Amino acid sequence: MTGYQLLLSILLIICTFFLSGQSLQTQKEKTVAQQEWNQLRTYFREHSDETFLMDCRTMGAYTSGIWSSTMMEPNAFMAGGWLTASPLMQERFQILGAVDGGEAIATLPTVHYITAASDYSWLQDYICTRYPDTHIVEESRLCIGEKTFFILSAE
């Protein structure tokens, strides 16, 4: 084996170890995300008489398989982003008796907003522009592993 072949072999071995380590980390992150999602689903099922609008930035962290129709709970759906104006969301809000998520949160006591962001002042600001006498309150916290989800409602 020439010096060049030896060097190339060593580099391939190093790259293989590096890439396998990345793959293991990615798999671990996906496993943690799936465990979080499973616990969220349990929470949604335990509160089946309530509706949860899920922060799209928080929920975007989960893998695409989570969002299949068999993995969604009927009382929880994403709010924000491009989904806001989709026919599906308009239909869901109509079923709830609201025009959009802002109205649903502000006027329906069984509709909650769930986010992992501890600063949700923007939601208060948004709701106050449309419903000046309405305030967003933290109803509860759901701690799953190292992540805390804030369950918010209006009063």
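Visitor: For the overall build of the protein chain, give the residues involved together with the corresponding values.
Guide: Helix and strand content of the protein chain: five helices and five strands. Listed N to C, the secondary structure of the protein chain is α-β-α-β-α-α-β-α-β-β in terms of helices and strands. Split into buried and exposed, the 155 residues of the protein chain put 35% on the buried side. In the protein chain, once contacts between residues fewer than 6 apart in sequence are set aside, the share between residues at least 24 apart is 58%. Here the protein chain displays about 9,600 Å² of accessible surface, and carbon together with sulfur accounts for 59% of that area.

Visitor: Tell me about the pattern of salt bridges, and please be specific about residues and values.
Guide: On inspection of all chains with the given rule, the structure shows five salt bridges. Note that Glu 138 and Arg 141 form a salt bridge whose closest N and O atoms lie 2.6 Å from each other. Owing to a relative accessible area of 32%, Glu 138 belongs among the partly exposed residues under this scheme. Of the residues examined, Arg 141 reaches a relative accessible area of 52% and is grouped as exposed. Through salt bridges with shared partners, a single network forms among Arg 41, Arg 45 and Glu 73.

Visitor: Go over the packing of aromatic side chains, please, and point to the residues and values.
Guide: Overall, the coordinates contain seven aromatic pairs when judged by the stated rule. Aromatic pair Phe 77 and Phe 93: ring centres 5.9 Å apart, planes at 65 degrees, arrangement edge-to-face. With Phe 77 in strand β2 (residues 76-79) and Phe 93 in helix α3 (residues 87-96), the pair connects residues that are 16 residues apart, well separated along the chain. Residues Phe 77 and Phe 93 agree in their burial class; the two are buried. Each ring, one from Tyr 120 and one from Phe 150, has its centre 5.9 Å from the other, and the planes form 50 degrees; the classification is tilted. Here the residue Tyr 120 occupies a position in the loop between β3 (111-115) and α5 (121-130), and Phe 150 occupies one in strand β5 (residues 147-154), the gap between them amounting to 30 residues. In this structure, Tyr 120 and Phe 150 share a single accessibility class: buried. Grouped by ring-pair contacts, the aromatic residues Trp 37, Tyr 43, Phe 44 and Phe 52 constitute a single cluster.

Visitor: Which residues make up the pairing of β3, and what values do they have?
Guide: Judged by how many residues are buried, β3 sits mostly within the fold: five of five residues are covered. Note that strand β1 (residues 51-55) and β3 share four bridges and pair parallel. Across the sheet, the residue bridging to Thr 51 is Val 111, located in β3. Pairing geometry for β3 and β5, over three bridges, is antiparallel. The residue of β5 that forms the bridge with Tyr 113 is Leu 152.

Conventions and cut-offs
Residues numbered from 1 in each chain as written. Predicted model: local features only at pLDDT ≥ 70, side-chain atom pairs only at ≥ 80, totals over all residues. Heavy atoms only, no water. Helix = DSSP H or I, 4+ residues; strand = E, 2+ residues; numbered from the N terminus. Buried < 20%, exposed > 50% of the residue type's maximum accessible area, 1.4 Å probe, protein only. Contact = heavy atoms within 4.5 Å. Areas by Shrake-Rupley, 256 points an atom, 1.4 Å probe, with all protein chains shown as cover. Salt bridge = Lys/Arg side-chain N within 4 Å of Asp/Glu carboxyl O. Phe/Tyr/Trp six-rings, centres within 6.5 Å; stacked < 30°, edge-to-face > 60°. Pairing = 2+ DSSP bridges.

These results come straight from atomic positions and should not be treated as a statement about function.
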